[in-house]
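Here are the chains, one letter per residue:
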Number of protein chains: 2
Amino acid sequence: MKLLEDRIRREGRVLPGNVLKVDGFLNHQIDTGLFAEMGREFYRLFQNDSVNKIVTIEASGIGLACLTAYFFETLSGHKVPVVFAKKQRTANQAADVYTASVESFTHGRSYQAGIAKQYLSPVDRVLIIDDFLANGCALGGLRQIVEQSGAVLVGAGVAIEKGFQDGGKLLRESGLRVESLAVIDRMDESGVVIRK
Amino acid sequence: MKLLEDRIRREGRVLPGNVLKVDGFLNHQIDTGLFAEMGREFYRLFQNDSVNKIVTIEASGIGLACLTAYFFETLSGHKVPVVFAKKQRTANQAADVYTASVESFTHGRSYQAGIAKQYLSPVDRVLIIDDFLANGCALGGLRQIVEQSGAVLVGAGVAIEKGFQDGGKLLRESGLRVESLAVIDRMDESGVVIRK
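Residues numbered from 1 in each chain as written. Chains lettered and ligands numbered in written order. Predicted model: local features only at pLDDT ≥ 70, side-chain atom pairs only at ≥ 80, totals over all residues. Heavy atoms only, no water.

Draft legend 1. Spotlight on the interface of chain A and chain B. Facing 34 residues of chain A, the contacting portion of chain B comprises 34 residues. Here chain A packs against chain B, burying approximately 2,800 Å² in sum over the two surfaces, 59% of which is carbon and sulfur. Three residues, A:His28, A:Gln29 and A:Tyr70, lead the burial of chain A against chain B; their summed loss comes to 25% of the area buried on that side. Where chain A packs against chain B, one counts 2 salt bridges. Notably, a salt bridge pairs A:Lys79 with B:Asp31, separated by 2.7 Å at the nearest N-O pair. Along the contact surface separating chain A from chain B lie 18 residue pairs in polar contact (both at pLDDT 80 or more). Those elements that place two or more of their residues in the side of chain A that touches chain B are β3 (29–30), α2 (32–46), α3 (62–76), β5 (82–88) and β7 (110–116) of chain A. Residue contributions to the side of chain A that touches chain B peak at 8 residues, all from α3(A). (Contact = heavy atoms within 4.5 Å. Buried area = accessible area lost by both parts, 1.4 Å probe. Salt bridge = Lys/Arg side-chain N within 4 Å of Asp/Glu carboxyl O. Polar contact = N/O pair within 3.5 Å; in protein donor to acceptor, adjacent residues only side chain to side chain. Helix = DSSP H or I, 4+ residues; strand = E, 2+ residues; numbered from the N terminus.)

Draft legend 2. Summary view of unusual backbone geometry. Residues and elements named next belong to chain A. Looking along the chain, the bond that leaves Glu58 and enters Ala59 is cis, with omega of -5°. Tracing the backbone through its elements, the reader meets Ala59 in the loop between β4 (53–57) and α3. Backbone geometry at Asn18 places phi at a positive 60°, although glycine is not the residue there. By secondary structure assignment, the location of Asn18 is in the loop between β1 (13–15) and β2 (19–21). Even without a glycine there, the phi angle at Ser50 is positive, about 50°. Here Ser50 is to be found in the loop between α2 and β4.

Draft legend 3. Examining the relation of the copies chain A and chain B more closely. Note on the identical chains: chain A maps onto chain B by a rotation of 180° and an axial translation of 0.0 Å, with an RMSD of 0.0 Å. In the structure described here, the two chain copies are related by an operation that fits a two-fold rotation axis. Comparing contact sets, 100% of the residues at the interface of chain A also lie at the interface in chain B, consistent with an isologous, same-surface contact. (Least-squares fit on C-alpha atoms with pLDDT ≥ 70 in both.)

Draft legend 4. Representation of the packing of aromatic side chains. Counted according to the given criterion, the structure contains 7 aromatic pairs over all chains. Arranged with centres 5.7 Å apart and planes meeting at 85°, the rings of A:Phe71 and B:Tyr70 form a pair that is edge-to-face. Pair noted here: A:Phe71 is in helix α3 and B:Tyr70 is in helix α3 (residues 62–76), and the two residues belong to different chains. Take A:Phe71: its relative accessible area is 3%, and that puts it in the buried class. (Phe/Tyr/Trp six-rings, centres within 6.5 Å; stacked < 30°, edge-to-face > 60°. Buried < 20%, exposed > 50% of the residue type's maximum accessible area, 1.4 Å probe, protein only.)

Here it is as structure tokens:
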């Protein structure tokens with residue numbers, strides 16, 4: 001998606017450890033106009049999949065998930081709530097929560113992601129939305145949670161995929177449809193190379 | 001705001017310790033259609049205040065802040081980014097971050113809220129958006145951060161205020177404009193009484 005790619009080229013900064021800093025528009029300060037266009041694009045990509053629920057994980061996925069869900073509702077005429085998984089440091093074995101363990105790429109530690117059982121069920125057709133895809137751990141955890149619930153997972157929409165890490169490749173090979181709006185092929189201190 | 005009040009009456013559950021559980025539409029599952037109407041209402045209330053930035057705190061404020069900012073942008077024709085404060089357990093004295101200490105009502109512990117200095121400055125006219133107002137600690141912390149930056153704080157917009165706790169009263173007495181879309185006067189196991 002050209003609007004996002006141009007923004008990454010112009011404002012993205014590469015920090016040591018393969019960290020792409022885009023907190024001027026994506027995950028600290030948020031450009032809601034850009035998020036709205038990304039939401040419209042996810043709708044265009046998944047409009048024929050009868051999505052009725054969007055799942056993401058706190059915190060930085062929530063803004064994009066909400067604007068995406070708003071356009072799904074407005075353009076389809078059906079309710080499409082967002083459910084965001086909560087992060088916890090310790091395993092919570094509450095009987096009424098679906099959980100999965102997730103290793104965080106940015107923070108180098110793992111946590112539990114959880115969604116209350118009452119908000120996911122076999123009648124749901126779920127689209128997962130997240131801001132980043134690198135090693136695929138967050139998406140993998142959300143997928144486990146959706147599958148535990150018996151809901152249908154129609155795919156995942158991601159803002160920025162680090163194409164030089166293998167999360168996207170592995171998820172696609174396992175049969176998940178993953179749509180990324182910008183794929184980074186290479187990055188170093190001199191800048192970012194985006195896949196054409 | 002009637003739409004929100006009706007929803008609280010219908011779906012809100014009161015848990016021990018004055019906790020109002022509204023995670024079916026506000027802070028776990030999110031009704032983005034409702035959030036859009038709340039965003040339009042915040043725009044109606046603050047449309048003459050030249051707001052050019054919306055500040056909130058992760059995680060559950062982000063969705064409402066993003067949909068509110070989307071309507072501020074769409075209806076005013078000007079850019080209105082969201083900046084969300086990040087929560088940290090430990091004091092981070094980084095020179096490039098404004099921070100404030102916040103005591104969490106729900107979780108009974110305190111944390112540091114922080115916003116990178118580059119995203120707030122004296123040219124900003126800030127509206128704070130949050131989902132809940134109880135003892136006012138989160139709003140108070142965000143206010144401190146905005147004031148450190150030299151930005152103008154035009155007010156705060158809150159989804160649900162617990163009117164029987166004194167956060168809203170104290171903040172208004174100190175000169176802050178606070179607009180709450182639903183004010184709970186009383187709640188117990190038999191239900192919720194909303195201020196008319």
